[in-house]
Amino acid sequence: MKEQYKVMRNIISKELAEFLGLYFLNLSNFSKGNLSDQQTMNTPSYDSEAITETLLVMILKRLEEESGLELHPTYSYLRVYKKGDELPFHKDRPACEISCTINLKQSHPWSIYMDGEELILHPGDGCIYKGMEVNHGRYEFEGDYCIQVFCHYVNTHLDHVDDKISKPGKPRFITNLG
């Protein structure tokens, strides 16, 4: 991947983004998810849900085409941000060597900053980036909700493929049905 990051418009369809967004908005109303994520305390987050793990694999080929890299899925993560939330600026760990953040649903647009550049993603849009190299984050959110899913992969750090998913008895990714 030549660029440090790249916006990908309509990486998933608006209909799929709406479905996933509504699903997690409803889920966060009934089950608060993990509220103890150290980056964003009291923000509902969901780690490696079956539906986001499926998305992780579903977009793999498109990300490989865009990046020119052979990617290996590590894990997915999702947050339902609310008014007042922010994402402190940071770089990611090796299991997030190449990442893609996808906007699923939002009450108001909320910029993400990649190495100081402001990017605006609309539902269905994603941004692929080198997670370990690009400093990224968000300032305080003024809207009601913004639902983002993070799909994480490795290219060279293959020893981190199982970083988050090497739990006893946890199955590997199903990448096709053929």
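Refer to the preceding data block for the structure.
Below is a summary of the structure that appears in this document. (Residues numbered from 1 in each chain as written. Predicted model: local features only at pLDDT ≥ 70, side-chain atom pairs only at ≥ 80, totals over all residues. Heavy atoms only, no water.)

Structural notes on the pattern of salt bridges
Here is step 1 of the chain: Taken as a whole and judged by the stated rule, the model has 6 salt bridges.
Here is step 2 of the chain: Between R9 and D125 there is a salt bridge whose closest N-O contact spans 2.7 Å. With R9 in the loop between β1 (5-8) and α1 (14-30) and D125 in the loop between β7 (117-119) and β8 (126-130), the pair connects residues that are 116 residues apart, well separated along the chain.
Here is step 3 of the chain: The class for D125 is buried, based on a relative accessible area of 2%.
Here is step 4 of the chain: A salt bridge links K82 to D85; the nearest nitrogen and oxygen atoms lie 3.1 Å apart. (Salt bridge = Lys/Arg side-chain N within 4 Å of Asp/Glu carboxyl O. Helix = DSSP H or I, 4+ residues; strand = E, 2+ residues; numbered from the N terminus. Buried < 20%, exposed > 50% of the residue type's maximum accessible area, 1.4 Å probe, protein only.)

Focus: the pairing of β8
Here is step 1 of the chain: β8 sits mainly inside the fold: 5 of its 5 residues count as buried.
Here is step 2 of the chain: Burial along β8 is two-sided: G126, I128 and K130 facing one way and C127 and Y129 facing the other are all buried.
Here is step 3 of the chain: One ladder, built from 5 bridges, connects strand β5 (residues 98-106) with β8; its direction is antiparallel. Note that in β8 the partner of I98 across the bridge is K130. (Pairing = 2+ DSSP bridges.)

Remarks on the sheet that holds β1
Here is step 1 of the chain: With antiparallel pairing, the 6 strands of this open sheet are ordered in space as β1-β8-β5-β10-β3-β2. Whereas interior strands pair on both sides, the edge strands pair on one side only; in this sheet they are β1 and β2 (45-47). With direction set aside, neighbouring strand axes in the sheet form an average angle of 15°.
Here is step 2 of the chain: Pairing between β1 and β8: 4 bridges, direction antiparallel. (Axes fitted to C-alpha atoms, helices over the stretch in contact; angles between N-to-C directions.)

Brief notes about unusual backbone geometry
Here is step 1 of the chain: Phi is positive for N10, close to 55°, though the residue is something other than glycine.
Here is step 2 of the chain: Note on placement: N10 falls in the loop between β1 and α1.
Here is step 3 of the chain: Despite not being glycine, S48 shows a phi value in the positive range, around 55°.
Here is step 4 of the chain: On the secondary structure map, S48 appears in the loop between β2 and α2 (50-58).

So, the sheet that holds strand β4 (residues 87-90)
Here is step 1 of the chain: Pairing within the open sheet is antiparallel, and its 4 strands lie in the order β4-β9-β6-β7. In the strand order of this sheet, the two ends are held by β4 and β7, each with one partner. Across this sheet, the average inter-strand angle for adjacent strands is 25°, counted without regard to direction.

A look at the packing of aromatic side chains
To describe a pair of aromatic rings, one takes the distance between the centres and the angle between the planes.
Here is step 1 of the chain: Under the definition given, this model contains 7 aromatic pairs.
Here is step 2 of the chain: Ring geometry for F24 against Y46: centres 5.4 Å apart, planes inclined by 50°, an arrangement best described as tilted. One end of the pair, F24, is in helix α1; the other, Y46, is in strand β2, with 22 residues separating them in the sequence. By the burial criterion, F24 is buried, and Y46 matches it.
Here is step 3 of the chain: A centroid spacing of 4.8 Å and a plane angle of 75° characterise the contact between Y81 and W110, whose relative ring orientation is edge-to-face. Linking Y81 in strand β3 (residues 72-82) with W110 in the loop between β5 and β6 (112-114), this pair joins segments that are 29 residues apart in sequence. (Phe/Tyr/Trp six-rings, centres within 6.5 Å; stacked < 30°, edge-to-face > 60°.)

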